[in-house]
Amino acid sequence: MHRVGYHRTPLARTYDVPLMARVLSGIQPSGDLHLGNYLGAIVNWVSDQDEHDAFYCVVDLHALTLDIDPADLRARTHDTAIDLLAAGLDPERCTLFVQSHVVQHTQMAWLLECTATMGELQRMTQFKDKSGGRESVRAGLFTYPVLMAADIVLYDAERVPVGDDQRQHLELARDVTIRFNNRFGDTLVVPEAAIPKAGARVMDLQHPERKMSKSVNSPLGTVLVLDDPVEITRKIKKAVTDTDGEVRYDRDKKPGLANLLELLAVATGRTPTEVADGYERYGDLKADTAEALVELLRPLQARRAELAADPGAVAALLARGAEKATGVASATYDRAAEAVGLLRPA
Ligand code: TYM
């Protein structure tokens with residue numbers, strides 16, 4: 001499907017990297033998809049399908065760093081894949097797969113663990129947040145960003161569409177890849193984060209100082225992509241704002257209102273400041289934001305119901321995705337294993 005040949009990265013002259021730049025991104029199946037996932041990442045995954053050779057994975061191995069019930073993990077992995085298809089990923093235009101179906105992810109992670117340092121992993125703010133105050137911290141939580149780097153480099157991905165909270169992990173992935181190449185020769189493609197201008201940091205509606213998150217229990221503060229119109233409207237109406245009553249965009253001084261303005265802005269293709277100009281009352285802004293979000297999510301919700309009716313088709317599609325992903329990942333892993341000096345099987 002994709003032309004193979006000369007490409008702007010020097011590596012591609014040696015290895016067959018497609019002319020279309022590769023994209024890879026992943027999502028944990030650790031909870032229901034929310035507006036932050038959707039606007040910060042998934043809408044861009046959908047648009048990247050046309051201009052890039054795109055690989056997207058449900059990162060079930062990463063979810064093992066959390067407390068998650070085995071039956072739940074299995075079900076959520078499948079459900080997350082359905083959500084992504086409903087959001088607009090098209091298996092004819094991208095490769096969608098489950099991380100654990102491609103064994104090279106953990107193999108590559110080991111090679112990169114032997115390249116990353118304890119110091120740089122200790123500086124990861126997500127690790128500090130998730131491990132803080134705990135008596136016992138899993139080793140997997142510590143090495144989490146290295147597995148993420150492995151996910152990316154296995155596909156020679158140049159571009160990684162993510163929300164702002166993944167910025168530091170992407171920096172680490174770049175540093176580790178550059179170090180690997182310096183030590184073993186030009187072997188891996190150095191990735192870059194693609195963070196959207198709008199929607200990269202959707203905040204919790206009840207606690208606008210912190211991001212909307214799957215792992216924090218804040219039902220009223222989190223709009224799920226599968227929430228029905230009544231739920232969405234209720235949550236937006238109850239969103240925390242402030243008492244000065246003036247509609248203007250100021251992230252520092254008016255974080256709750258700024259979040260609503262940003263949501264309405266991304267949903268309608270405007271800037272938050274433009275949106276703010278049209279309102280005098282918080283109530284009107286909330287009503288329009290709720291309506292815009294209901295309309296934004298309506299097609300996804302309709303498609304999801306259709307897809308869920310045929311679980312066998314989704315499983316088959318994930319199997320095809322894994323097969324295609326394995327083809328790319330195994331070639332990269334072999335190249336990396338060779339570079340570090342592992343004796344390859346005859
Ligand atoms: P995860 O599963 O937490 O989130 C999936 C994507 O959603 C984005 N996101 C947000 N964007 C805007 N506002 C928010 N409130 C918000 N919350 C989440 C995330 O930035 C992410 O893009 N470590 C990753 C998963 C991962 C990955 C990878 C990503 C594993 N391997 C390789 C890219 C490439 C994570 O936990 O995302």
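It should be emphasised that the depicted structure is a prediction, and the values quoted were computed from it without experimental measurement.

1. Thoughts on empty space enclosed by the protein
Within the structure shown, the criterion is met by one cavity of 30 Å³ or more. Approximately 70 Å³ is the volume attributed to the largest cavity. If you go around the largest cavity, the residues you meet are Thr65, Gln126, Phe127, Lys130, Leu141, Tyr144 and His169. Contributing elements (two or more residues each) for the lining of the largest cavity: α7 (125–131) and α8 (139–153). Here the element with the most residues in the lining of the largest cavity is α7; it accounts for three residues. When its residues are assigned to classes, the lining of the largest cavity shows three nonpolar, three polar and one charged.

2. A look at the state of the cysteines
Per the counting criterion, the structure on display carries zero disulfides. For the unlinked cysteine Cys94, the closest cysteine sulfur is that of Cys57, found at 11 Å.

3. Description of the packing of aromatic side chains
Under the criterion given, the structure shown has five aromatic pairs. Ring geometry for Trp45 against Tyr56: centres 4.7 Å apart, planes inclined by 5°, an arrangement best described as stacked. A residue pair is termed long-range when its members are at least 10 positions apart, and Trp45 in helix α2 (residues 35–51) and Tyr56 in strand β2 (residues 53–58) qualify at 11 residues. The exposure class assigned to Trp45 is buried, which follows from its relative accessible area of 1%.

4. Section: the site of the ligand
As a matter of local geometry, the ligand sits amid 28 residues, with Tyr144, Asp151, Asp165, Val202 and Lys214 nearest to it. The side chain of Tyr144 places a nitrogen or oxygen atom 2.7 Å from a nitrogen atom of the ligand. At 2.8 Å from an oxygen atom of the ligand is found a side-chain nitrogen or oxygen belonging to Lys214. Protein contact buries 96% of the 710 Å² of open area that the ligand shows by itself. Applying the majority rule of atoms within 2 Å of the grid points places the ligand in the largest pocket. Those elements that provide at least two residues to the shell around the ligand are β1 (22–27), α2 and α8. In terms of residue class, the shell around the ligand is built from 12 nonpolar, 11 polar and five charged.

5. What to know about the pattern of salt bridges
The full count for this structure, using the stated rule, is 27 salt bridges. The residue Arg304 makes a salt bridge to Asp79 at a minimum N-O spacing of 3.8 Å. Of this pair, Arg304 sits in helix α13 (residues 282–308) while Asp79 sits in helix α4 (residues 70–87), placing them 225 residues apart in sequence. In this structure Asp79 comes out as partly exposed when scored by relative accessible area, which is 34%.

6. Some thoughts on unusual backbone geometry
In this structure, Asp156 takes a positive phi of about 50° despite not being glycine. Mapped onto the secondary structure, Asp156 falls in the loop between α8 and β4 (159–161).

7. Quick word on the packing of helix α5 (residues 104–113) against helix α14 (residues 311–340)
Remark: α5 packs on α14, axes separated minimally by 10 Å, with the N-to-C direction vectors making an angle of 25°. Considered as vectors, α5 and α14 are oriented roughly parallel to each other. In this structure, α5 meets α14 at a crossing whose hand is left-handed. Residue-level inspection shows Gln104, Gln107, Met108 and Leu111 of α5 in contact with α14, the latter providing Thr326, Ala329, Ser330, Tyr333, Ala336, Ala337 and Val340. The class makeup of the residues in the contact of α5 with α14 is seven nonpolar, four polar and no charged.

8. A word on the environment of Gly185
Residue position: Gly185 is located in the loop between α9 (167–184) and β5 (192–194). In this structure the C-alpha to C-alpha distance between Gly185 and Arg174, which are 11 residues apart in sequence, comes to 15 Å.

9. What to know about the layout of surface pockets
Size it by volume and the largest pocket reaches roughly 1,100 Å³. Looking at the lining of the largest pocket, the elements that each hand over two or more residues are β1, α2, α7, α8, β4 and α9. Looking at the lining of the largest pocket, the element that brings in the most residues is α2, giving six residues. In the lining of the largest pocket, the residues fall into 17 nonpolar, 18 polar and 11 charged. As a volume, the second largest pocket reaches approximately 340 Å³. Lining the second largest pocket are 19 residues, and of these Ser30, Gly31, Asp32, Lys214 and Ser215 sit closest to its centre. Here the lining of the second largest pocket is composed, by residue class, of five nonpolar, seven polar and seven charged.

10. Focus on the confidence of the model for the protein
Scored by pLDDT, the protein comes out at a mean of 93, with 95% of its residues at no less than 70. Predicted confidence for residues 1–8 stays below pLDDT 50, and this span has 20 contacts to residues more than four positions away or in other chains.

Here is what the cut-offs are and how they apply
- Residues numbered from 1 in each chain as written.
- Predicted model: local features only at pLDDT ≥ 70, side-chain atom pairs only at ≥ 80, totals over all residues.
- Heavy atoms only, no water.
- 1 Å grid on protein atoms, 1.4 Å probe; cavity = no way out; pocket = protein on both sides within 12 Å on 5 of 7 lines; lining within 4 Å.
- Points joined across faces, edges and corners; volume = space filled by probe spheres on them.
- Helix = DSSP H or I, 4+ residues; strand = E, 2+ residues; numbered from the N terminus.
- Nonpolar A, V, L, I, M, F, W, Y, C, P; charged D, E, K, R; others polar.
- Disulfide = S-S within 2.5 Å.
- Phe/Tyr/Trp six-rings, centres within 6.5 Å; stacked < 30°, edge-to-face > 60°.
- Buried < 20%, exposed > 50% of the residue type's maximum accessible area, 1.4 Å probe, protein only.
- Near = heavy atom within 4 Å.
- Polar contact = N/O pair within 3.5 Å; in protein donor to acceptor, adjacent residues only side chain to side chain.
- Areas by Shrake-Rupley, 256 points an atom, 1.4 Å probe, with all protein chains shown as cover.
- Sits in = over half its atoms within 2 Å of the grid points.
- Salt bridge = Lys/Arg side-chain N within 4 Å of Asp/Glu carboxyl O.
- Axes fitted to C-alpha atoms, helices over the stretch in contact; angles between N-to-C directions.
- Parallel < 35°, antiparallel > 145°, perpendicular 65-115°, else oblique.
- Left-handed = near helix turned anticlockwise from the far one by under 90°.
- Contact = heavy atoms within 4.5 Å.
- pLDDT = per-residue confidence, 0-100.

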